[in-house]
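One letter stands for each residue in the lines below.
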Amino acid sequence: MNNEEKKCCFANSSKISCSCRILTIDACDGFNTSCSFFKTEDKFNSDRDKAIDRCREKWICHDCKYSKIPCIKANEC
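Residues numbered from 1 in each chain as written. Predicted model: local features only at pLDDT ≥ 70, side-chain atom pairs only at ≥ 80, totals over all residues. Heavy atoms only, no water.

Undergrad: Teacher, can you tell me more about empty space enclosed by the protein here?
TA: Empty space left among the atoms is revealed by rolling a probe the size of a water molecule over them. The final tally for this structure, using the stated rule, is one cavity of 30 Å³ or more. Its volume calculated, the largest cavity comes out at about 60 Å³. As for the largest cavity, its lining consists of Cys8, Cys20, Leu23, Ile25, Cys28, Gly30, Phe31, Asn32, Cys35 and Phe38. Residue classes in the lining of the largest cavity are distributed as eight nonpolar, two polar and no charged. (1 Å grid on protein atoms, 1.4 Å probe; cavity = no way out; pocket = protein on both sides within 12 Å on 5 of 7 lines; lining within 4 Å. Points joined across faces, edges and corners; volume = space filled by probe spheres on them. Nonpolar A, V, L, I, M, F, W, Y, C, P; charged D, E, K, R; others polar.)

Undergrad: Hey, could you run me through the pattern of salt bridges in this one?
TA: Any two side chains of opposite charge can pair, on the condition that their charged atoms come close. A full pass over the atoms with the stated rule returns four salt bridges. Between Lys39 and Asp47 there is a salt bridge whose closest N-O contact spans 2.3 Å. Lys73 is the partner of Asp53 in a salt bridge, and the nearest nitrogen-oxygen pair spans 2.9 Å. Note that Asp53 is positioned in helix H2 (residues 41-57) and Lys73 in the segment after H2, a separation of 20 residues in sequence. Each of Lys39, Lys43 and Asp47 takes part in a single network of salt bridges with overlapping partners. (Salt bridge = Lys/Arg side-chain N within 4 Å of Asp/Glu carboxyl O. Helix = DSSP H or I, 4+ residues; strand = E, 2+ residues; numbered from the N terminus.)

Written out as structure tokens, the structure is:
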């Protein structure tokens, strides 16, 4: 696993500075595993897919209050 795969998916890197796209902090390198929002891209997709499965099992996707278009899982793209 390379460093980019271990990096937090919410890290926003630019040539000027690194920051967090969720929190308002400018000094985030994307590798702070003690951050409560830290998620790798794989973990983010896995958790999102589990949430989609739970919604589908409960039949609440068709009445979603967040989106008119049903969510799709990472492997359904």
